[in-house]
Amino acid sequence: MDSGIIGGVLTLTQFKETYGLSKLVGVPLADLTANIVTTLQCGCFVGALSAGFFADKYGRRLSLMAAAIFAIVGTIMQAAASGEIAVIYVGRFIAGLGVGAASMVTPLYVSENAPRAIRGALTGIYQLFITAGIMLAFWINYGSALHISGPAIYIVPLAMQGLPALCMFVCMFFCHESPRWLARKDRWDEASSILSLVRALPPTHPYVAEELTEIHEQLEHERRLIGNATFKVLMKEMWTIPGNRKRALLSIGLMICQQMTGTNAINYYAPQIFKNLGLNGTESGLFATGIYGVVKMVMCACFLVFAADSLGRRRSLLWTSIAMGSAMLYVGIFVRVAPPKAGTPVSPAGYVALVCIYLFASFFQWGWGPVCWIYVSEIPTARLRGLNVALAAATQWLFNLVIARAVPNMLTTMGNAGYGAFLFFACACYSMFIFVWFLVPETKGMALERMDDLFGVTELVKKLEDEESVHEGKDEKNISAQQLEISPAK
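Report follows, based on the coordinates. (Residues numbered from 1 in each chain as written. Predicted model: local features only at pLDDT ≥ 70, side-chain atom pairs only at ≥ 80, totals over all residues. Heavy atoms only, no water.)

**Comments concerning a nonpolar patch on the surface**
Inference 1: A contiguous nonpolar surface patch, about 520 Å² in accessible area, is contributed by L163, L166, V170, F173 and F174.
Inference 2: You can see L163 is positioned in helix 8 (residues 162-171).
Inference 3: The class for L163 is partly exposed, based on a relative accessible area of 41%. (Patch = residues over 30% accessible without salt bridge, like charges linked within 9 Å, V, L, I, M, F, W, Y side chains within 5 Å. Areas by Shrake-Rupley, 256 points an atom, 1.4 Å probe, with all protein chains shown as cover. Salt bridge = Lys/Arg side-chain N within 4 Å of Asp/Glu carboxyl O. Helix = DSSP H or I, 4+ residues; strand = E, 2+ residues; numbered from the N terminus. Buried < 20%, exposed > 50% of the residue type's maximum accessible area, 1.4 Å probe, protein only.)

Shown next, in the form of structure tokens:
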């Protein structure tokens, strides 16, 4: 929700006057704006990177509750800062710890509970709620600008950031632990009970029994290879075994690409971007931003209902790369060739550029938004899933920070009205088509325990199978020899 709140708050006159933004122009203003925004991303990076350890040690459920507490504390500090910019920084960093941790654990928790037939749709709902939160944040900003005056005009939006965290903390009391995490801890009775509960089937049902068998076989297979490993051993396993290394690099690459689309450039700085496209006035920019949030949420819901588990991961990423690049390309060309002028009505070409921003949001929700989280949470082995998703989430927040920090300066320095920024993101989107075409395989409809079949047998597996085949051959020879010894003479 912060992604939508902070961009609108930064445009409010009362906030600018209270925190000193009204005294700055040009690059100094861009620097301070970027610093305020990116402090949260710094916390998110740390939270996402460390959440894997806690999620594996203490469970997915408790980790999500702890993340909610951090987010609530950070939100309270931001709302109560009273003009102290240092308190804003600290509060946003603490909130970021919670947001980053939740961004790593949530898709992991959902994918480990979801049936394989609808795993993509359920994991994608994570992205749907992100877009819903951003949409609500945009309209909270707009409503505050219309109906609230004084310091409350920015305090209310900042305080509302804590509402989703509060809801998550309360709701987790009514949720159960991941059955796959329980299985890893050898708590099979609890795993069986919870799995039958979330499948709405008795524990003796063949579907539940088959899924438990697959989980057991996968865990036994991994324990035979490595045993109970430390963090150092898990990292070594991730980066030295080709099958695991490929999955880790794919997860990192997808999250870098997701941020390089430019989606968070619009999320954080939408009012400024709409102003650059010719919309004058704070309220007009906030209203256009609210419509942008509605488009994102509706299109994400349409993708999850109609295409998440039918269109496929790879195909969704491919066509949306071209579509998003084309939308950004038009916006960049428009701003370069016919830049809007202050005080003049929006031209017909300008309205097309505004539509392209909305189309960009639609295309993102049909591909790079939900699909990346679906993909990185389903491809790792059970043993490395927490670490792999933590790495992906940390990468996402790191490059989220990079984009949030760079965009204000890009809009200020890369040509008139920042047209170069739009062209940069267009080229990045086109490049992602090549990345997906050559490196990203399809995973639609595959069981989590069968990903090794897609990414190849690891060297350790080959060695183990070779040793087993040798032992089996020796055993067969010994049995044959014994049979010859005891057979009666003819």
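**A closer look at the layout of surface pockets**
Inference 1: The space that makes up the second largest pocket amounts to roughly 820 Å³.
Inference 2: Taken together, 33 residues line the second largest pocket, and the ones lying closest to its centre are K16, P271, Q272, K275 and N276.
Inference 3: Elements represented by at least two residues in the lining of the second largest pocket include exactly helix 2 (13-19), helix 3 (26-58), helix 14 (263-276), helix 15 (282-306) and helix 19 (385-413).
Inference 4: The dominant element in the lining of the second largest pocket, judged by the number of residues it contributes, is helix 14, at six residues.
Inference 5: Of the residues in the lining of the second largest pocket, the class split is 16 nonpolar, 14 polar and three charged. (1 Å grid on protein atoms, 1.4 Å probe; cavity = no way out; pocket = protein on both sides within 12 Å on 5 of 7 lines; lining within 4 Å. Points joined across faces, edges and corners; volume = space filled by probe spheres on them. Nonpolar A, V, L, I, M, F, W, Y, C, P; charged D, E, K, R; others polar.)

**As for the pattern of salt bridges**
Side-chain pairing between opposite charges can occur once the charged atoms of the two side chains come close.
Inference 1: Under the definition given, this model contains eight salt bridges.
Inference 2: Of the charged contacts, one joins R60 and D56 as a salt bridge, the two residues approaching to 2.9 Å between their closest N and O atoms.
Inference 3: The salt bridge involving R313 is made with E378; its shortest N-O contact spans 3.0 Å. Here R313 is found in helix 16 (residues 313-337), whereas its partner E378 is found in helix 18 (residues 370-378), with 65 residues between them in sequence. You'll find R313 and E378 in the same group, each marked buried.

**Notes on the packing of aromatic side chains**
Inference 1: Overall, the coordinates contain 15 aromatic pairs when judged by the stated rule.
Inference 2: For the pair F169 and F173, a centre-to-centre distance of 5.3 Å together with 90 degrees between the ring planes defines the contact as edge-to-face.
Inference 3: Here F169 falls in the partly exposed class, since its relative accessible area comes to 23%.
Inference 4: With relative accessibility at 49%, the residue F173 sits in the partly exposed group.
Inference 5: Here the aromatic cluster, defined as three or more aromatic residues joined through ring pairs, consists of F15, Y19 and Y154.
Inference 6: Sitting over the face of the ring of Y58, K57 holds its NZ or CZ atom 5.7 Å from the ring centroid.
Inference 7: In this structure, R314 is placed above the aromatic ring of W437, and the distance from its NZ or CZ to the ring centre is 5.3 Å. (Phe/Tyr/Trp six-rings, centres within 6.5 Å; stacked < 30°, edge-to-face > 60°. Lys NZ or Arg CZ within 6 Å of the ring centre and 35° of its normal.)

**Notes on the nonpolar core**
Inference 1: One finds F15, M104, L254, F274, L277, Y292 and W368 to be the most contacted residues of the largest nonpolar core, which totals 113 residues.
Inference 2: The element that contributes the greatest number of residues to this core is helix 19, accounting for eleven residues.
Inference 3: Not counting residues within four places of it along the chain, the set of residues in contact with F274 comprises L279, G285, A288, T289, Y292, L354, I357 and Y358.
Inference 4: Judged by nonpolar contacts, the second largest core, of eight residues, contains L182, A183, I215 and A382. (Core = buried A, V, L, I, M, F, W, Y, C linked by side-chain atoms within 4.5 Å. Contact = heavy atoms within 4.5 Å.)

**Quick notes on unusual backbone geometry**
Inference 1: In this model, S82 sits at a positive phi of 55 degrees, which is unusual for a non-glycine residue.
Inference 2: Examined against the element boundaries, S82 turns out to sit in the loop between helix 4 (60-79) and helix 5 (85-113).
Inference 3: Phi at A200 takes a positive value of approximately 55 degrees, unusual for a residue other than glycine.
Inference 4: Looking at the element boundaries, A200 is found in the loop between helix 10 (188-199) and helix 11 (206-225).
Inference 5: Of the residues examined, A200 reaches a relative accessible area of 65% and is grouped as exposed.

**Overview of the side chain of S192**
Inference 1: Structurally, the position occupied by S192 is in helix 10.
Inference 2: A relative accessible area of 15% means that S192 is categorised as buried.

**Details of helix 1 (residues 2-9)**
Inference 1: With respect to burial, helix 1 is a largely interior element, eight of its eight residues being buried.
Inference 2: Those residues of helix 1 that fall on the buried side of the exposure criterion are D2, S3, G4, I5, I6, G7, G8 and V9.

**Brief notes about the packing of helix 16 against helix 20 (residues 419-439)**
Inference 1: Viewed as axis vectors pointing N to C, helix 16 and helix 20 meet at an angle of 160 degrees, and their least axial separation amounts to 7 Å. Taken together, helix 16 and helix 20 sit at an angle that is classed as roughly antiparallel. In this structure, helix 16 crosses over helix 20, and the sense of that crossing is left-handed.
Inference 2: Classifying every residue of the contact of helix 16 with helix 20 by side-chain character gives 20 nonpolar, four polar and two charged. (Axes fitted to C-alpha atoms, helices over the stretch in contact; angles between N-to-C directions. Parallel < 35°, antiparallel > 145°, perpendicular 65-115°, else oblique. Left-handed = near helix turned anticlockwise from the far one by under 90°.)

**A few points about helix 3**
Inference 1: Here helix 3 contains 33 residues, and its C-alpha end-to-end distance of 47 Å stays within 8% of the 48 Å for a straight helix at 1.5 Å per residue.
Inference 2: Largest kink in helix 3: about 35 degrees, centred on A51.
Inference 3: Looking one or two places after helix 3, you find G59, whose phi comes out positive at around 105 degrees. (Expected span 1.5 Å × (residues − 1). Bend = angle between axes of the 7 residues up to and from the residue.)

**A look at the state of the cysteines**
Inference 1: Summed over all chains, the structure comprises zero disulfides.
Inference 2: Its sulfur unpaired, C429 is 9.3 Å from the next cysteine sulfur, which belongs to C257.
Inference 3: Exposure remark for C429: the relative accessible area of 0% places this residue in the buried category. (Disulfide = S-S within 2.5 Å.)

The values are spatial; any link to function lies outside them.
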